[in-house]
Amino acid sequence: AMEIITRFAPSPNGRLHLGHVFSAYIAAQFARARNGICLLRIEDIDIGRAREEHVDAISSDLSWIGLSYAAPVLRQSTRFAVYQTHLNRLRELGVLYPCWATRSEIRQHIEAAPGGLKAWPRDPDGALVYPGLYRDISLSKRQAMMWEGRDYAWRLDIKKAQAMAEADNGGPLFFTECYSTECYSEDLSMKQKKQIQVDAHKFGDVVIARKDVPTSYHLSVVIDDAFQKISHVTRGADLLAATHIQRILQALLEIPAPVYAHHPLIRHLDGRRFSKTAGDTGFRELEALGWSPDRIIEHLPRPVGLGDAVSRDTLSKQLSEALTDVMS
Ligand code: GLU
């Protein structure tokens, strides 16, 4: 039988909030229920925002809640040379183009378009779709721009990339999604898996490498999931749409695709998502209110198969109220 390996892959841009704990717990539980292992990976490619103190806090918060991971923990910041090699491969395939567009240039272009900002398409994450500036410039213009020496990013020509991946594959691409409440139990039979057909066009030409680092979230995540032989990626449903892009990169780079299990996001009682920006940091503050790790775990939403059936997308009232106290 296949070895089950899951992972929890936080970006150390802030403290963990309860949504992270939930996600980490699912990754651990998914593996544990199938005699597999769960790895921790620190996604610290954002050299401007990643901080060592957050890495330390992540480790201590996870161990406080009772989750432990095999050492050494993979740090993405040690792997820029590997990402560069894969980036070069994508360049050779001709699916990337250098993009010099600044934020204000993109903004101006969109505002000048018929209908303006309001009518402009947004990607599944709600961001404005990149207008394709610098995609279709002539080779001589591109060379001249290179000579000028201004900073540029590498963008994926999404239509070309998807078409090439499909041509290589001899037909449409798919990824396997297996989230269901049953995915918490040991039994994960074929009938609970569905094949989702890849359609990444609505993302537009995403950034694959930034001006200061030879990678991006999408590139390094697929490389490291393959490198760590992750069999099942469990992560929040907010990353389901991004899987379309990631599946194309896996096909073009000829690296294996894991099975995906995107779980619902936990929410506050009023329906708001947990997020770093909303100040939902530091679930550890619950400690001061007398919450033990076990008690927090008990109060996490628990789909059928893992214990009591409680609401799947709502926190227990008690826990949510405690968090409100912590934050005010
Ligand atoms: N590092 C990403 C984050 O913190 C998650 C990556 C993933 O699970 O694919 O949001």
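For the structure given in this document, a descriptive report is provided here. (Residues numbered from 1 in each chain as written. Predicted model: local features only at pLDDT ≥ 70, side-chain atom pairs only at ≥ 80, totals over all residues. Heavy atoms only, no water.)

**With respect to the side chain of arginine 41**
Examined against the element boundaries, arginine 41 turns out to sit in strand S2 (residues 37-42). A distance of 3.0 Å separates the side chain of arginine 41 from the side chain of glutamine 228, its partner in a polar contact. (Helix = DSSP H or I, 4+ residues; strand = E, 2+ residues; numbered from the N terminus. Polar contact = N/O pair within 3.5 Å; in protein donor to acceptor, adjacent residues only side chain to side chain.)

**Regarding the nonpolar core**
One finds Leu90, Leu96, Leu156, Ile208, Ile245 and Ile248 to be the most contacted residues of the largest nonpolar core, which totals 40 residues. Of all elements in the fold, only helix H3 (80-93), strand S5 (153-156), helix H7 (158-169), strand S8 (207-209), helix H8 (217-227) and helix H9 (242-253) reach the threshold of two or more residues within this core. A per-element tally of this core places H9 first, with 6 residues. Ignoring sequence-local partners within four residues, the contact set of leucine 96 consists of Leu87, Leu90, Arg91, Trp154, Arg155, Leu156 and Ile208. Core analysis: the next-biggest nonpolar cluster, separate from the first, contains 32 residues, Leu62, Trp64, Leu67 and Ile297 among them. (Core = buried A, V, L, I, M, F, W, Y, C linked by side-chain atoms within 4.5 Å. Buried < 20%, exposed > 50% of the residue type's maximum accessible area, 1.4 Å probe, protein only. Contact = heavy atoms within 4.5 Å.)

**Examining unusual backbone geometry**
Cis geometry marks the peptide bond from alanine 71 to proline 72; its omega dihedral reads -5°. Tracing the sequence through the fold places proline 72 in the loop between helix H2 (52-65) and strand S3 (74-75). Backbone geometry at asparagine 35 places phi at a positive 55°, although glycine is not the residue there. With respect to the secondary-structure elements, asparagine 35 resides in the loop between helix H1 (18-32) and S2.

**Remarks on the sheet that holds strand S1 (residues 5-8)**
Pairing is parallel across the open sheet formed by 3 strands, whose spatial order is S1-S2-S3. Unpaired on one side and paired on the other, S1 and S3 mark the two borders of the sheet. Where S2 lies against S3, 2 bridges are found, and the strand directions are parallel. Residue pairing for S3: isoleucine 42 is matched across the bridge by arginine 75. Each of S1 and S2 is contacted by H1, which is oriented at about 170° to S1, the strand it contacts most. Along the sheet, H8 contacts S1, S2 and S3; its crossing angle with S2, the most-contacted strand, is approximately 145°. (Pairing = 2+ DSSP bridges. Axes fitted to C-alpha atoms, helices over the stretch in contact; angles between N-to-C directions.)

**Description of the side chain of histidine 17**
As for its position among the elements, histidine 17 is in the loop between S1 and H1. Overall, histidine 17 belongs to the buried group, its relative accessible area being 7%. Among the polar contacts made by the side chain of histidine 17, one reaches the main-chain amide nitrogen of glycine 19 at a distance of 3.0 Å.

**With respect to the sheet that holds S5**
Pairing within the open sheet is antiparallel, and its 3 strands lie in the order S4-S5-S8. At either margin of the open sheet sits one strand with a lone partner, and together these are strand S4 (96-99) and S8. Direction aside, neighbouring strands of the sheet carry axes that sit 45° apart on average. Where S4 meets S5, 4 bridges bridge the pair, whose relative direction is antiparallel. Within S5, the residue paired with cysteine 99 across the bridge is alanine 153.

**Topic: the pairing of S1**
In summary, the side chains of a regular strand alternate between the two faces of the sheet. Alternating positions in S1 separate into two faces, Ile5 and Arg7 on one and Thr6 and Phe8 on the other, with burial throughout. Pairing of S1 with S2 involves 4 bridges; the strand directions are parallel. Bridge pairing links phenylalanine 8 to leucine 40 in S2.

**Some details on the pattern of salt bridges**
Taken as a whole and assessed by the stated rule, the structure comprises 14 salt bridges. Among the salt bridges present, the one from arginine 89 reaches glutamate 92, with a minimum N-O distance of 3.2 Å. With arginine 89 and glutamate 92 both in helix H3 and 3 residues apart, this pair spans about one turn of that helix. We note a salt bridge from glutamate 111 to arginine 107, for which the minimum N-O separation is 3.5 Å. Taken as a pair, glutamate 111 and arginine 107 lie in helix H4 (residues 103-112) at a separation of 4 residues, close to a single helical turn. Residue classification places glutamate 111 among the partly exposed positions, given a relative accessible area of 45%. For arginine 107, a relative accessible area of 41% puts it in the partly exposed group. (Salt bridge = Lys/Arg side-chain N within 4 Å of Asp/Glu carboxyl O.)

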